[in-house]
Each structure stands twice: as C-alpha cells, then as structure tokens.
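# A closer look at the structure
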Amino acid sequence: MNSIFRFKLITAVLLICFSLVFCISTLSYAEETVETSNTESISQNTSTTSSSSKISKNSDTYKILVALTVISIIVVIIIMRGMIISLMAYFFIISSIIWTIYSAIPLFTKKSLELSDFNSVGLGIMLTVISFVILHILNGNNSFGSSMKSDKEIPSSKDEYNLLLKRARIAFLTLKKELSQGKLDKTSAFTSDELFEQISINLDAMKAENYLIVYDDLRIKKIEVKKKAVENHFNNLYIEIQAFGTRYKSNIETKRIIEGSEVSGEFTEIFCLSRKAGCQAASKGLIEGVCPRCGTPIKGKRTNTCIKCNNELRSGELDVVLTSISYPN
C-alpha cells in the first residue's frame, strides 16, 4: 500500500468518525430539546433548560461517541509517525493533541456529559488532521517529509529488513555476474546514474586493456545491515556483504586467466540502498528487472521510464536504488 493511498484511506476513516460523532451529538441534542420544550409547556414552574444537552454515561449514545472519539485519536497518533517535518509542525500538531487530550479528560471523569464536551474533542482532532493535511500538501504527494525523520523509520519492521537483505543479495550476485561477462544490462535497471557511470567507466577501462575481472564460485557468507540514515532527503540503508570466491583477470579474446591475477578468499563490500521518505520496499522491482509499479520487464538499453506505465524507474519513490558501493577499512 503506497503512501498516497494510505493517507487517503486514513483521512476518509477520520472524516467518517467526525461525521458520526457530530450527527449523533446533534440528533441527541435535538431530541432532548424537544422533550424539554414539551415539559415546559405542561409545567410553567420548570426551571430554565440548560443551554447544553446532558448525556447519561449509561446511554448507548455516550458509548458510541466515546468509541468513535477514541478511534479517531488512535488513528491520528498512528499517522503522526511519518508526517512531522519541522519545528513548526511539532508546534501545531502537539498543540492540537494537547487540546484534544485536555478536552477528552471530561469524557472519563464527569458523571454527566454535555454536548460541548464532545464538540471540543472533535475540534481538537479536526485541528490535528488539518495540520497533517497542510504538511502533506507542502511536502508533496509521495513524501511526508524527511528532514526530521527518525532512524526508527528506516526500515520499520523485521520483515522489511529481511526483504531488503534478500534483494541486496540478488543485486550483489547480479552485478558480479554481469561484470564477469563485461556487460551491465540488468545492473543498469537498479543503479543510480552516478554509480552506473562509475561502474561503466571502470568496465570500459578494463576492456580497453583487453581483460575482465571474473568472479568464480562466488558465495555469500554473511549479509547484514550495517547502518541506516537519512541523507539528502533519502532513506539510506547500508548493507555489509561478506563473500567468498575466486577472482581473476581473464583475457577477453582467449578467455584465459592472465597469469598471476588469480586470488581466492574472502572480501567485503557495502551496498547502499536508497529510497525517498514514505516509499515502501517493493517485494519485486528494479533489482529483479521489472517495473515496481506495473511489473513490466525492463529490457534493452538503460532507460529512465517504464515503457508501459511511464513511471520514472529510479526516482526512489516506488523502489530502492543502489546508489553506492564502498569497502570497509
């Protein structure tokens, strides 16, 4: 579920809750006002009706209103995690929440409730939602802001970790296999422009000297997340890959091993997978050679957009992109 759909769904749920709260409150107020008016016409000695309608805590109306209010508050708290981008956002959102909590206290402490109690809570929740909507509009449709995102959001679950580790393994083996063959067809789909240019330059330099570095009997011994960080508005996950295999220089024409170049042993590389804030990790996408939005295979020369859905492939909005390869000290 992408960030836009999730945002619209949550907003719809909140609006439904608000509508139910105010409709039930208004109907209850109208009914009790009618009853009060009838009573006053029969007995002129009855005291003046209170301007606010009383709701008994034992009534079904009270239970429904409390349930809807609590659900709305919980939903607002859940969506808070990924939408705070600045000190101004903190100020507006926290102020709205404090207002809501302060207004909600009477719901659980007062024996007899008034319509204004629920209206005050509804106003607080509405202010919170409005703050979120404004921030969402200011930060674009696919990002809830990244300048102040916490480390905990990159990624947020163990399943997502495992998925990204699995896909990093595929990216590593694909890259090494294509380098051994002197091509970058599949690699071009999941690497950033800068990294692809670096790899291409190195590969062209080797070809100019009539050799390739071949990786043989390659096995991954260990793969783990080394670091996670928010950098330049991107969520970056640094994955350390420890591999074992034989590396050697092979003559392009004769395919023979160049004497003295063969090395066997362990080596380590760190892959950086990057994505924009709010992007969910795709289970299958660029690394597997398909468009992360529609699943169309990515074939041929390096292309920036999907031939079917016209999606910008390596923008980081729908899938992770390999942006750097480094080596530990």
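Residues numbered from 1 in each chain as written. Predicted model: local features only at pLDDT ≥ 70, side-chain atom pairs only at ≥ 80, totals over all residues. Heavy atoms only, no water.

### Comments concerning the nonpolar core
Ranked by size, the top nonpolar core spans 35 residues in total, and within it Phe172, Leu184, Ile223, Ile239, Ile241, Phe271 and Leu273 carry the most contacts. Secondary-structure elements contributing two or more residues to this core are α5 (158–181), α7 (193–208), β3 (211–231), β4 (234–251), β5 (263–276) and β6 (321–326). Per-element accounting of this core gives the leading share, seven residues, to α5. Once residues within four sequence positions are removed from consideration, Ile223 is found in contact with Leu165, Ala168, Arg169, Ile239, Glu240 and Ile241. Listed in part, the eight residues of the second largest apolar core include Leu65, Val66, Ala104 and Val129. (Core = buried A, V, L, I, M, F, W, Y, C linked by side-chain atoms within 4.5 Å. Buried < 20%, exposed > 50% of the residue type's maximum accessible area, 1.4 Å probe, protein only. Helix = DSSP H or I, 4+ residues; strand = E, 2+ residues; numbered from the N terminus. Contact = heavy atoms within 4.5 Å.)

### Focus: the pattern of salt bridges
Summed over all chains, the structure comprises 11 salt bridges. In this structure, Arg167 engages Glu288 in a salt bridge whose closest nitrogen and oxygen atoms are separated by 2.9 Å. In this pair, Arg167 sits in helix α5 while Glu288 sits in the loop between β5 and β6, placing the two residues 121 residues apart along the sequence. Accessibility expressed as a relative area gives 1% for Arg167, which makes it buried. On the accessibility criterion, Glu288 (26% relative accessible area) is partly exposed. Across the pair Arg302 and Asp193 runs a salt bridge, and its minimum N-O distance is 2.6 Å. Placement of Arg302 in the loop between β5 and β6 and of Asp193 in helix α7 is noted, with a sequence separation of 109 residues between them. Residue class for Asp193 comes out exposed when judged on its relative accessible area of 51%. In the salt-bridge network here, residues are joined through shared partners; they are Arg167, Glu288 and Asp319. (Salt bridge = Lys/Arg side-chain N within 4 Å of Asp/Glu carboxyl O.)

### Here's the deal with α5
Over its 24 residues, α5 runs 35 Å from end to end, which matches the ideal 34 Å to within 8%, given 1.5 Å per residue. Positive backbone phi, at 75°, marks Gly182, one or two positions downstream of α5. (Expected span 1.5 Å × (residues − 1).)

### A word on the sheet that holds β4
The strand order across the open sheet built from four strands is β3-β4-β5-β6, with neighbouring strands paired in antiparallel fashion. Strands at the two margins of the open sheet, each flanked by one partner only, are β3 and β6. Within the sheet, the average angular offset between the axes of one strand and its neighbour, ignoring direction, is 30°. Strand direction decides the pairing type here: β5 and β6, joined by five bridges, are antiparallel. Looking at the pairing, Ile270 lines up with Ser326 of β6. The strands that α5 touches are β3, β4, β5 and β6; relative to β3, the one it contacts most, it runs at about 150°. (Pairing = 2+ DSSP bridges. Axes fitted to C-alpha atoms, helices over the stretch in contact; angles between N-to-C directions.)

### Observations concerning the environment of Leu218
Relative to the helices and strands, Leu218 resides in strand β3. When the C-alpha atoms of Leu218 and Gly245 are compared, they prove to be 4.4 Å apart, with 27 residues separating the residues in sequence. The contacts of Leu218, once residues within four sequence positions are left out, are Phe172, Leu173, Lys176, Ala243, Phe244, Gly245 and Phe267.

### A word on unusual backbone geometry
The phi dihedral of Asn210 falls on the positive side, at around 65°, and the residue is not glycine. Take Asn210: its relative accessible area is 25%, and that puts it in the partly exposed class. Even without glycine at this site, Asp217 takes up a positive phi of about 50°. With respect to the helices and strands, Asp217 occurs in strand β3.

### As for the side chain of Glu269
As for its position among the elements, Glu269 is in strand β5. Its relative accessible area of 3% is what places Glu269 among the buried residues. Among the polar contacts made by the side chain of Glu269, one reaches the side chain of Lys176 at a distance of 2.7 Å. (Polar contact = N/O pair within 3.5 Å; in protein donor to acceptor, adjacent residues only side chain to side chain.)

### Re the side chain of Arg275
One can find Arg275 in strand β5. Its relative accessible area of 4% is what places Arg275 among the buried residues. A distance of 2.8 Å separates polar atoms of two side chains, one belonging to Arg275 and the other to Glu160.

### Considering the pairing of β5
One ladder, built from 14 bridges, connects β4 with β5; its direction is antiparallel. Note on β5: the bridge partner recorded for Ile241 is Glu269.

### Quick look at the packing of aromatic side chains
Counted by the stated rule, this structure contains three aromatic pairs. Each ring, one from Tyr215 and one from Phe267, has its centre 6.0 Å from the other, and the planes form 45°; the classification is tilted. Taken together, the positions of Tyr215 in strand β3 and Phe267 in strand β5 put the pair 52 residues apart, joining distant regions of the chain. Per residue, the accessibility class of Tyr215 equals that of Phe267, and both read buried. Grouped by ring-pair contacts, the aromatic residues Phe172, Tyr215, Phe267 and Phe271 constitute a single cluster. Between Lys227 and the ring centre of Tyr238, over which it is positioned, the NZ or CZ distance is 5.4 Å. Across from the ring centre of Phe196, 4.4 Å away, lies the NZ or CZ of Arg302, which sits over that ring. (Phe/Tyr/Trp six-rings, centres within 6.5 Å; stacked < 30°, edge-to-face > 60°. Lys NZ or Arg CZ within 6 Å of the ring centre and 35° of its normal.)

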